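Structural characterization, general
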Amino acid sequence: MTVIAPQPGILEISPYQGGKSGVAGVSNVVKLSSNENPFGPSPAAQEAVRRVLHEMHRYPPTDHAALRDAIGEVLDLDPARIVCGVGSDEILHLLCQAYCGPGDEVIHTEHGFAIYRIGALAAGATPVEVPEAERVTDVDAILSACTERTRLVFIANPNNPTGTMIGTAEIERLAAGLPERAMLVLDGAYAEFVEGYDGGAALVEALDNVVMTRTFSKLYGLGGMRVGWGYAPAHVIDVLNRIRGPFNLSGPALAAAEASIRDTEFVERCRAENTRLRTWLAEALMAHGVPSDTSCANFILARFHDPEEAAACDAFLQSEGIIVRGVGGYKLPAALRITVGDEASCRRVAHAIGRFKAGER
């Protein structure tokens, strides 16, 4: 039988694995594996969805104008330079599809989000992994890895799964040092958790080779709706709109996202609680002998003595009905990524890790 082969690079892709949602035989499970907002979506978003349910037989708008206008109004951005997608993942894939191909290179850091490599391979390009400096993006290492074949450079700021970030001056130095035909993509999935940080929007407006992506899946609590967006130079927006699906976002998703970004009081409350509980959780784990880097996101990267201890702690937590995320696939086998949940969840996971470190197995 003849086997029809896919495009080069696709069979090199390992399918993305999401965070676990349950443990067999264990009830009262606390899921801290997917960096979801423990407070759920805004009540305004829930009401907005209820209002449009009777229109589910209608096709949604193709231009996403109402959502783009809302994003522009709240964040003081130009709506004409915004493109919306099925999560920010779709925007990342579209960038690879539009700007990369066989013979091109896509740079990402060693602990960077898995989608960067997947998107590059799916487009037939070559992913190039660059070392980080103690789990922090290393601008000099990235610039040293650039060649005339470099087309995209992906960095998440803050990064997932490390939670670390670099400052604006370093991002500007990176953008300025890229080859002429290369584009810097700032993945801002966790940018909203950093007070006063624009995710790179000002840099997008100042330069012609920078794109910013954002998502409604994290702080806004709409992971199940799958809504993301990008902010880019006009020429990039034009290209992406030519290849994205015309009805890529549903009516309920658009309504939920628009209501979410306008509910600034809910957003501020969620951000403040995350900051408070993130600090508490990091200090509680450190008191049990489990260090972590300063996180700028909604999770902690808890570091253990070795991969065996991390795996044993993960198994113990699961037996207690607590699901966290092993990150061996991100070359961090001695660490566990723990979402900052509500206060009860944070106390529960910290107490369980304390029992584990005290020898209770």
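The text that follows walks through the structure, step by step, so that each part is easy to find.

Definitions and limits used
Within each chain, residue numbers correspond to sequence positions counted from 1 in written order. For a predicted model such as this one, the threshold for reporting local features is a pLDDT of at least 70, and the threshold for listing and counting side-chain atom pairs is 80 or more; totals across whole chains, interfaces and linings nevertheless cover every residue. As a rule here, side-chain values cover all heavy atoms of the structure and leave hydrogens and water aside. Between any two strands, pairing holds if DSSP finds at least two bridges. Numbering goes from the N terminus for both helices and strands, where a helix is a DSSP run of H or I of at least four residues and a strand is a run of E of at least two. The axes are straight lines fitted to the C-alpha atoms, using for helices just the contacting stretch, and the angles between their N-to-C directions are given from 0 to 180°. Throughout, a contact is declared for two residues whenever any of their heavy atoms are within 4.5 Å. Buried Ala, Val, Leu, Ile, Met, Phe, Trp, Tyr and Cys residues that are joined via side-chain atoms within 4.5 Å together make up what is termed a nonpolar core. Exposure is judged per residue with a 1.4 Å probe applied to protein chains only, and the accessible area is read against the type maximum: over 50% gives exposed, under 20% gives buried, and values in between give partly exposed. Surface patches are defined over residues having more than 30% relative accessible area and no salt bridge, joining like charges when they lie within 9 Å and nonpolar side chains (Val, Leu, Ile, Met, Phe, Trp, Tyr) when within 5 Å. Computed by Shrake-Rupley with a 1.4 Å probe, the accessible areas treat only the displayed protein chains as cover when residues are assessed. Any carboxyl oxygen of Asp or Glu within 4 Å of a side-chain nitrogen of Lys or Arg constitutes a salt bridge here. All tallies of charge rest on Lys and Arg as positive and Asp and Glu as negative; His and the ends of each chain are not included. One atom stands in for each charge, and that atom is NZ of Lys, CZ of Arg, CG of Asp or CD of Glu. Here the term cavity refers to a set of points on a 1 Å grid, laid over the protein atoms alone, in which a 1.4 Å probe fits but cannot get out; the term pocket refers to an open set having protein on both sides within 12 Å along at least five of seven lines, with lining residues being those that place an atom within 4 Å of a point. Grid points are joined across faces, edges and corners, and a volume is the space filled by probe spheres set on the points. Ten residue types, Ala, Val, Leu, Ile, Met, Phe, Trp, Tyr, Cys and Pro, are classed as nonpolar, four, Asp, Glu, Lys and Arg, as charged, and the remainder, Gly among them, as polar.

Moving on to the sheet that holds strand β4 (residues 126-130). Spatial strand order, β2-β8-β7-β6-β5-β3-β4: seven strands in an open sheet with mixed pairing. With one partner strand each, in any of the chains shown, β2 (82-85) and β4 form the two edges of the open sheet. Here the average twist between neighbouring strands, direction ignored, is 20°. Here four bridges tie strand β7 (residues 210-215) to strand β8 (residues 228-231), and the two strands are oriented antiparallel to one another. Across the sheet, the residue bridging to Arg214 is Trp229, located in β8. Packed on one face of the sheet, helix α8 (residues 234-243) meets β2, β6 (183-187), β7 and β8 and runs near 30° to β2.

Grouped together as the largest cluster of nonpolar side chains are 59 residues, with contacts concentrated most on Leu184, Phe216 and Trp229. Tallying contributions element by element places helix α9 (residues 251-262) first for this core, with seven residues. In contact with Leu184, other than residues within four places in its own chain, are Val153, Ile155, Ile171, Leu174, Ala175, Leu178, Asn209, Val210 and Val211. Counting residues in each nonpolar core, the second largest holds 30 residues, with Cys96, Val106, Val211 and Ala335 among its members.

With that settled, the discussion passes to the pairing of β2. Here β2 shows no split at all, with Ile82 and Cys84 on one side and Val83 and Gly85 on the other all buried. Bridge analysis of β2 against β8 gives four bridges, and the strand direction is antiparallel. Residue pairing for β8: Gly85 is matched across the bridge by Gly228.

What follows is about the environment of Asp69. Residue position: Asp69 is located in helix α2 (residues 65-75). When its relative accessible area of 41% is taken as the criterion, Asp69 is described as partly exposed. With 279 residues separating them in the primary sequence, Asp69 and Arg348 have C-alpha atoms 41 Å apart.

On the surface, a cluster of negative charge is made up of Asp76, Asp78, Asp198 and Glu205. Mapping Asp198 onto the fold places it in the loop between β6 and α7 (201-206). Looking at Asp198, the relative accessible area reads 34%, which means it is partly exposed.

On to empty space enclosed by the protein. A full pass over the atoms with the stated rule returns one cavity of 30 Å³ or more. Roughly 70 Å³ of volume is contained in the largest cavity. Around the largest cavity, the lining is made up of 13 residues, and of these Asn37, Pro38, Phe193, Cys270 and Asn274 lie nearest the centre. For the lining of the largest cavity, a count of residues per class yields seven nonpolar, four polar and two charged.

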